[in-house]
Amino acid sequence: MTKTTGAAGDPPYLRIVAVIRRRITDGELAPGDRVPSTRQIAGEWGVALATATKALTTLRLEGLVEARPRIGTVVAGTAPAAPARRRPSPARDPEQELSLDRIVRTAIEIADAEGLSALSMRGVAARLGVAAMSTYRYVPSKEDLVLHMADAAFGEESYRADAPEDWRTRVELGARTLWSLYRKHPWLAQLGSLTRPLLVPNLMVHGEWVLGALDGHGLDPTTLFDIHVLLYSHVQGLAVHLEMEAHAEAATGQSEDQWMDSRAPALRELVESGRFPTFSKVVGAFEDGYDLRLDALFEFGLKALLDGLTSIVEGQETVA
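Below or above, wherever it landed, is the structure these notes cover. Remember, predicted model here, so these are calculated numbers, not experimental data.

Quick word on the overall build of the protein chain
For step 1, the next point in the chain: Within the protein chain, the secondary structure is distributed over 14 helices and two strands.
For step 2, the next point in the chain: Within the protein chain, contacts between residues separated by at least 24 positions form 69% of all contacts whose residues are at least 6 apart in sequence.
For step 3, the next point in the chain: Surface summary for the protein chain: the accessible area is close to 18,500 Å², and the carbon and sulfur share equals 55%.

Considerations on the nonpolar core
Nonpolar side chains in soluble globular proteins generally cluster together in the buried interior.
For step 1, the next point in the chain: Membership of the largest hydrophobic core comes to 58 residues, with the highest contact counts inside it found for L119, L145, M149, F154, Y182 and L231.
For step 2, the next point in the chain: Every element with two or more residues in this core is listed here: α5 (100-114), α6 (121-128), α7 (142-154), α8 (167-184), α9 (201-214), α10 (221-252) and α14 (294-313).
For step 3, the next point in the chain: For F154, the residues in contact, after removing those within four places along its chain, are L178, L181, Y182, L188, L198, V200, N202, L203 and H206.
For step 4, the next point in the chain: Core analysis: the next-biggest nonpolar cluster, separate from the first, contains 18 residues, A52, A55, L56 and L64 among them.

Topic: the packing of aromatic side chains
For step 1, the next point in the chain: This model, assessed by the stated rule, comprises four aromatic pairs.
For step 2, the next point in the chain: Pairing W179 with F298 gives two aromatic rings, centres 4.8 Å apart and planes at 5°, and the pair type is stacked. Separated by 119 residues along the polypeptide, W179 in helix α8 and F298 in helix α14 bring together distant segments of the chain. Exposure class is identical for W179 and F298. Each is buried.
For step 3, the next point in the chain: A centroid spacing of 5.6 Å and a plane angle of 35° characterise the contact between F286 and Y290, whose relative ring orientation is tilted.

Things to note about the pattern of salt bridges
For step 1, the next point in the chain: Evaluation of the coordinates by the stated rule reveals 13 salt bridges.
For step 2, the next point in the chain: We note a salt bridge from E156 to R105, for which the minimum N-O separation is 3.0 Å. Remark: R105 occurs in helix α5 and E156 occurs in the loop between α7 and α8; sequence separation between them is 51 residues.
For step 3, the next point in the chain: Under the relative-accessibility criterion, E156 is labelled partly exposed at 26%.
For step 4, the next point in the chain: Residue E172 pairs with R176 through a salt bridge whose shortest N-O separation is 3.9 Å. With a gap of four residues between them, E172 and R176 both fall in helix α8, about one helical turn apart.
For step 5, the next point in the chain: Ionic contacts of the salt-bridge type, sharing partners, join the residues R168, E172, R176, E299, K303 and D307 into one network.

What to know about α10
For step 1, the next point in the chain: Over its 32 residues, α10 runs 46 Å from end to end, which matches the ideal 46 Å to within 8%, given 1.5 Å per residue.
For step 2, the next point in the chain: The residue sitting at the N-terminus of α10 and contributing the capping side-chain oxygen is D220; that oxygen lies 3.1 Å from the backbone nitrogen of T222.
For step 3, the next point in the chain: Positive backbone phi, approximately 75°, marks G253, located one or two places after α10.

Considering the environment of A189
For step 1, the next point in the chain: Assignment of secondary structure puts A189 in the loop between α8 and α9.
For step 2, the next point in the chain: A sequence separation of 53 residues divides A189 from L242, and the C-alpha atoms of the two residues are 8.4 Å apart.
For step 3, the next point in the chain: If sequence neighbours within four positions are ignored, A189 has contacts with Y182, Q236, A239 and V240.

Let's talk about the packing of α9 against α10
For step 1, the next point in the chain: Two numbers describe how α9 lies on α10: the axes approach to 10 Å, and their chain directions differ by 130°. Considering their axes alone, α9 and α10 lie oblique with respect to each other. Taken as a pair, α9 and α10 cross one another with a handedness that is right-handed. Contact residues: L203, G207, V210, L211 and L214 in α9; L224, F225, I227, H228, L231 and Y232 in α10.
For step 2, the next point in the chain: Residue composition of the contact of α9 with α10, grouped by class: nine nonpolar, two polar and no charged.

What counts as what
- Residues numbered from 1 in each chain as written.
- Predicted model: local features only at pLDDT ≥ 70, side-chain atom pairs only at ≥ 80, totals over all residues.
- Heavy atoms only, no water.
- Helix = DSSP H or I, 4+ residues; strand = E, 2+ residues; numbered from the N terminus.
- Contact = heavy atoms within 4.5 Å.
- Areas by Shrake-Rupley, 256 points an atom, 1.4 Å probe, with all protein chains shown as cover.
- Core = buried A, V, L, I, M, F, W, Y, C linked by side-chain atoms within 4.5 Å.
- Buried < 20%, exposed > 50% of the residue type's maximum accessible area, 1.4 Å probe, protein only.
- Phe/Tyr/Trp six-rings, centres within 6.5 Å; stacked < 30°, edge-to-face > 60°.
- Salt bridge = Lys/Arg side-chain N within 4 Å of Asp/Glu carboxyl O.
- Expected span 1.5 Å × (residues − 1).
- Polar contact = N/O pair within 3.5 Å; in protein donor to acceptor, adjacent residues only side chain to side chain.
- Axes fitted to C-alpha atoms, helices over the stretch in contact; angles between N-to-C directions.
- Parallel < 35°, antiparallel > 145°, perpendicular 65-115°, else oblique.
- Left-handed = near helix turned anticlockwise from the far one by under 90°.
- Nonpolar A, V, L, I, M, F, W, Y, C, P; charged D, E, K, R; others polar.

In structure tokens, the structure reads:
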């Protein structure tokens, strides 16, 4: 975790602001250079995404940084981004050290930090310090690269051989493992739909785990697979919003809270219209507004699903 240089009594976001402000004023970050994203700040400083967002918002209000569509948050000014400062050692030939694994890992780093839309074969080559066409010797297209990336990312977590015997415990472990991977690599949830699934071996490992947990309970094949798909859709369906929010923040320069604040007049108009009495009653009952927490929603939905499926899996109820 990075140590900040702000005053000891300052809240975390101000200490983060102090460090990035110093990097800018010292010239370490020049106009047009990307500053750490909310995800990078959260990982580097060990803070919540909301705290990271608040730090970037403060820097924007000070006029030090600005959001640029399709790029992210950069140091304010018109100068282009500074060229890469690290150059390969003359004694080292990047072309000879190139491998499929290095290409895939570098591509994952780009997608994690900047989103899948920022990924390109040319950008990966530039990050590796090799000629633009060099990566094509290992992977023929961006589409193929993304498949390799997905397989590598899903393969970062596996399951122990001494698995718990209880089906529900196994399913919970599988769902939470998959959710943790989507949390770590939000772009993963964008790659496949339920109707056109992503067919890579290491995603199948997670599917096999859940199917194995459900097998042996007398379920017919269709019901068993329907349950598997339903559970997967809960995880992936929520995870889709992780990357969508990151894109929206980069494009608009507004955090989730700032965006909602800007829509306050429209919300008030709906509440005061009298057309939606239940909605108005519920929204009006929130003391400090509604805090949409995806992690809590994931856990709440998983419990609700498993509670509802228990009678089917354990043979107390049949599916029509």
